[in-house]
Amino acid sequence: MKFLDEAKVYIRSGDGGNGCVSFRREKFIEFGGPNGGDGGRGGDVIAEAVDGLNTLIDYRYQQHFKARNGRAGMGKDRHGADGEDIFMKVPVGTQIYEEDGETLLADLGHVGERAVLAKGGNGGFGNAHFKTSTNRAPRRANPGQPGNERTIRLRLKLIADAGIVGLPNAGKSTLLAAVSAAKPKIADYPFTTLHPQLGVASIDGREFVLADIPGLIEGAHEGLGLGDRFLGHVERCRVLLHLVDGTGDHAGKAYKTVRSELEAYGEGLAEKPEIVALNKADALSQEQIKEQTVRLRRAAGKAPLVVSGATGEGVPEVLRALVRIIGEAQRAERPRAAVGWEP
Ligand SMILES: Nc1nc2c(ncn2[C@@H]2O[C@H](COP(=O)(O)OP(=O)(O)OP(=O)(O)O)[C@@H](O)[C@H]2O)c(=O)[nH]1
Ligand SMILES: [Mg+2]
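The text that follows walks through the structure, step by step, so that each part is easy to find. (Residues numbered from 1 in each chain as written. Chains lettered and ligands numbered in written order. Predicted model: local features only at pLDDT ≥ 70, side-chain atom pairs only at ≥ 80, totals over all residues. Heavy atoms only, no water.)

If you walk through the whole model with that rule in mind, you get one cavity of 30 Å³ or more. In terms of lining residues, the largest cavity is bounded by I213, P214, L216, L226, G227, D228, R229, F230 and L231. (1 Å grid on protein atoms, 1.4 Å probe; cavity = no way out; pocket = protein on both sides within 12 Å on 5 of 7 lines; lining within 4 Å. Points joined across faces, edges and corners; volume = space filled by probe spheres on them.)

Structural data, given as structure tokens:
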């Protein structure tokens, strides 16, 4: 499936139906009175986060969303039907912005969450509505109100519990493939991964979502390589797994390169809890492991875990460390939501 995380969409809600001017006309009934019905309401344009989607690719093919108009009122007090709403199904984690791309309209973080993006126009009142004691035969009805149109931008920020970051070729995708059912492309050249991938990992009976994003290189924040545009997908992670290729020249330098890109990107990425792991241990001698570990510890300020995504060595320890931090973050959040103020 193709991946798309930004889309521009034109939406229009339905017009309200016109009110109707009509009078009751029946044999032997004089002055039957007004009986023009009201117009129906125009449909809304509503975005809804749904399960099972993780790209906005559908919005490349359909960029116009129009809700139905309300029907006009009719005689004999018949009201016009309301126009049907239209639903835009989006993946969980989609943010909706005004056309400027900066004003946030909605942030759909849970399955089933909805946002009305354009309200349908109200239907007009029919003349039956304007009957008063002094005006018993009003000849007036309201027109329906027009719907609203606007251009909006959708931006997907995948929601994963943990995000894997590192230089190209660090073995990020290999690790994701080893711990989940995801099947990312793996190859020994940089920028094999061109867009984020999600997988569900499990350890000790607990599951969490892990995101693999394209590698970062020095200058990514200035657009080098694939740039830092995919870092948005780890913005909402609770923890980062920073993989450093142990077969590289200097693990400490590699670590710092990625750190400075995270800092340049901002959005709190540099402040996130981070697990540091020296990868590809299977291809290293004890000597090399020691050397790289020392460099990495000096750069990161803490001892790295030592793993191999290829053989699985050290992987359970990494997963446990991630789960522990995810669990802590969840516990720290929950009380805040649950505490109620009691008088
Ligand atoms: N020996 C060894 N090789 C590995 C290990 N993990 C990955 N590799 C190899 O390193 C190369 C890059 O692996 P990927 O998983 O594609 O690396 P990546 O970090 O996803 O790379 P990009 O997507 O380009 O950023 C591949 O040739 C892998 O086979 C490991 O644990 N040990
Ligand atoms: Mg990759």
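Further notes follow.
A side chain of one charge can pair with a side chain of the opposite charge when the charged atoms of the two come close. This structure, assessed with the given rule, holds 16 salt bridges. Measuring nitrogen to oxygen at the nearest pair gives 3.1 Å for the salt bridge that ties K280 to D245. In this pair, K280 is assigned in the loop between β13 (274-279) and α4 (286-300) and D245 in strand β12 (residues 239-245), connecting sequence segments 35 residues apart. One salt bridge in this structure joins R324 and E328, with 3.6 Å as the shortest N-O distance. Remark: E328 and R324 occur in helix α5 (residues 315-338); sequence separation between them is four residues, near one turn of the helix. Its relative accessible area of 48% is what places R324 among the partly exposed residues. Here the salt bridges do not stand alone but share partners, grouping R12, D15 and E149 into one network. (Salt bridge = Lys/Arg side-chain N within 4 Å of Asp/Glu carboxyl O. Helix = DSSP H or I, 4+ residues; strand = E, 2+ residues; numbered from the N terminus. Buried < 20%, exposed > 50% of the residue type's maximum accessible area, 1.4 Å probe, protein only.)

Protein ligation of the magnesium ion (ligand 2) involves S173 (OG) and T193 (OG1), the donor distances falling in the range 1.9 to 2.0 Å. Taken together, the residues S173 in helix α2 (residues 172-179) and T193 in the loop between α2 and β10 (197-203) connect sequence positions 20 residues apart. (Donors = N, O, S within 2.8 Å, 3.2 Å for Na, K, Ca; no water.)

The next subject is the packing of aromatic side chains. What the rule picks out here adds up to two aromatic pairs. Relative to F65, the ring of Y59 has its centre 5.6 Å away and its plane inclined at 40 degrees; by these criteria the two rings are tilted. Each member of the pair Y59 and F65 is classed as buried. Note on F125 and F130: the rings are 6.3 Å apart at their centroids and 80 degrees apart in plane angle, and the pair reads as edge-to-face. You can call F125 partly exposed: its relative accessible area is 35%. Looking at R155, its charged tip hangs above the ring of Y97, at a distance of 4.5 Å from the centre. The ring centre of F230 lies 4.6 Å from the NZ or CZ of R229, which sits over that ring. (Phe/Tyr/Trp six-rings, centres within 6.5 Å; stacked < 30°, edge-to-face > 60°. Lys NZ or Arg CZ within 6 Å of the ring centre and 35° of its normal.)

So, on to the layout of surface pockets. Any empty space left between atoms is shown by rolling a water-sized probe over those atoms. Reported here for the largest pocket is a volume of approximately 530 Å³. If you trace the largest pocket, you find 20 residues lining it, with V92, G109, I159, A160 and V209 closest to the centre. Its residues placed into classes, the lining of the largest pocket shows ten nonpolar, six polar and four charged. The residue makeup of the lining of the second largest pocket, split by class, is ten nonpolar, ten polar and five charged. (Nonpolar A, V, L, I, M, F, W, Y, C, P; charged D, E, K, R; others polar.)

Next up on the list: the sheet that holds strand β4 (residues 86-91). Pairing is mixed in the open sheet, where three strands are placed in the order β4-β2-β7. This sheet does not close on itself; its edge strands, each paired only once, are β4 and β7 (114-118). The average angle at which neighbouring strand axes cross in this sheet is 30 degrees, direction not considered. As defined by bridge partners, strand β2 (residues 45-50) adjoins β4 across six bridges and the pair is classed as parallel. (Pairing = 2+ DSSP bridges. Axes fitted to C-alpha atoms, helices over the stretch in contact; angles between N-to-C directions.)

The next thing to look at is the sheet that holds strand β6 (residues 104-108). Read from one edge to the other, the open sheet built from five strands follows the order β3-β1-β8-β5-β6, with strand pairing classed as mixed. Looking at which strands have only one partner, the edges of the open sheet turn out to be β3 (64-66) and β6. Each adjacent strand pair in this sheet contributes to an overall mean axis angle of 25 degrees, direction not counted. Sheet topology note: the strand β5 (residues 94-98)/β6 ladder contains four bridges and is antiparallel. Bridge pairing links Q95 to D107 in β6.

Let us now look at the site of ligand 1. Looking at ligand 1, there are 23 residues lining it, with K172, T174, F191, T193 and D282 nearest. Within the side chain of K172, an N or O atom sits 2.7 Å from an oxygen atom of ligand 1. Taking 650 Å² as the accessible area of ligand 1 by itself, protein coverage stands at 86%. Put simply, ligand 1 lies in the second largest pocket. Looking at the shell around ligand 1, the element that brings in the most residues is α2, giving three residues. Of the residues that constitute the shell around ligand 1, the class distribution is nine nonpolar, ten polar and four charged. (Near = heavy atom within 4 Å. Polar contact = N/O pair within 3.5 Å; in protein donor to acceptor, adjacent residues only side chain to side chain. Areas by Shrake-Rupley, 256 points an atom, 1.4 Å probe, with all protein chains shown as cover. Sits in = over half its atoms within 2 Å of the grid points.)

The analysis is restricted to geometry; functional conclusions fall outside its scope.
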